[in-house]
Amino acid sequence: LKLFTPDRRSNAFRQSRGIGENEVVVLWVGRLVPEKRVDIWMNVLQRLESEGIPAKGMVVGHGTFESTLSHMKNVSSCGWLSGVALAEAYASADILLFPSDVETFGNVTLEALASGCACVVVDDCSGHLVQNGFNGYTCKSGDIEGFYQATKTLVQNQSLRQEMCVNARKFSWKYERNKILQQMAENYKDAIIRHRDPDYVKQLMA
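Criteria and thresholds
- Residues numbered from 1 in each chain as written.
- Predicted model: local features only at pLDDT ≥ 70, side-chain atom pairs only at ≥ 80, totals over all residues.
- Heavy atoms only, no water.
- Salt bridge = Lys/Arg side-chain N within 4 Å of Asp/Glu carboxyl O.
- Helix = DSSP H or I, 4+ residues; strand = E, 2+ residues; numbered from the N terminus.
- 1 Å grid on protein atoms, 1.4 Å probe; cavity = no way out; pocket = protein on both sides within 12 Å on 5 of 7 lines; lining within 4 Å.
- Points joined across faces, edges and corners; volume = space filled by probe spheres on them.
- Nonpolar A, V, L, I, M, F, W, Y, C, P; charged D, E, K, R; others polar.
- Pairing = 2+ DSSP bridges.
- Axes fitted to C-alpha atoms, helices over the stretch in contact; angles between N-to-C directions.
- Contact = heavy atoms within 4.5 Å.
- Buried < 20%, exposed > 50% of the residue type's maximum accessible area, 1.4 Å probe, protein only.

1. Observations concerning the pattern of salt bridges
Side chains bearing opposite charge may pair, as long as their charged atoms lie close to each other. Evaluation of the coordinates by the stated rule reveals ten salt bridges. Note that Lys-56 is salt-bridged to Glu-23, the shortest N-O span being 3.2 Å. Note that Lys-56 is positioned in strand β2 (residues 56-60) and Glu-23 in the loop between α1 (11-16) and β1 (25-29), a separation of 33 residues in sequence. A salt bridge links Asp-190 to Arg-194, with the nearest nitrogen and oxygen atoms 3.2 Å apart.

2. So, empty space enclosed by the protein
Scanning all chains against the criterion turns up one cavity of 30 Å³ or more. In this model, the largest cavity occupies a volume close to 30 Å³. Grouping the amino acids of the lining of the largest cavity by side-chain chemistry returns four nonpolar, one polar and two charged.

3. Considering the sheet that holds strand β3 (residues 75-77)
Sheet strands line up and pair through hydrogen bonds in the backbone, either parallel or antiparallel. Strands sit in the order β3-β2-β1-β4-β5-β6 across an open sheet of six strands; the sheet is parallel. Whereas interior strands pair on both sides, the edge strands pair on one side only; in this sheet they are β3 and β6 (136-139). Put simply, the sheet's adjacent strands are angled 20° from each other on average, direction ignored. Across the sheet, helix α4 (residues 83-91) touches β1 and β2, and the angle it forms with β1 is around 140°.

4. A short note on unusual backbone geometry
At Arg-37, a residue that is not glycine, the phi angle is positive and equals roughly 65°. Structurally, Arg-37 can be placed in the loop between β1 and α2 (38-50). The exposure class of Arg-37 is partly exposed, given its relative accessible area of 25%. Within the chain, Asn-74 stands out as a residue other than glycine whose phi angle is a positive 60°. Take Asn-74: it is sitting in the loop between α3 (66-70) and β3. Exposure remark for Asn-74: the relative accessible area of 38% places this residue in the partly exposed category.

Right, dumping it as structure tokens:
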């Protein structure tokens, strides 16, 4: 939460990628491989452009789709970023569109939330991080139309998007390091207490 923060939003970073101060940026962060469903991200950006809906795409990552994405209109390919540069990319975007359904915990989504990005993700993969309608939208895996409509809504509705971006940062505090460590300590404490109970141990062994 110290590295990934809305405070790192940078007009200089956006300008270096050909993005205007008031343009809405749809972000991708991660490996550019088929199983991550980069095709859905591309489809959404292409449809926004074809319908004349102003949005810019920004891609962070390497992979098999990198060459194709680098030739798309209104898409800036940043390559692989880390550290402060990655944090600036998150904070300088507005929406994380991440249709991957093969995530474990979902660090990319949490980093985006901490950076103040509204997120559009798969419900049964990253639904523990995104509360539908609060800090972004959740869609069914592979639901191209759902991902498009959710992203379109956020691009076009500035007040809703800004509200969700604020909520995104608020929600990310649930995973602040000290809170996580305290919960782990409570889990250990609870385990110790239960295993000192002979009845519990008997039930467990049974």
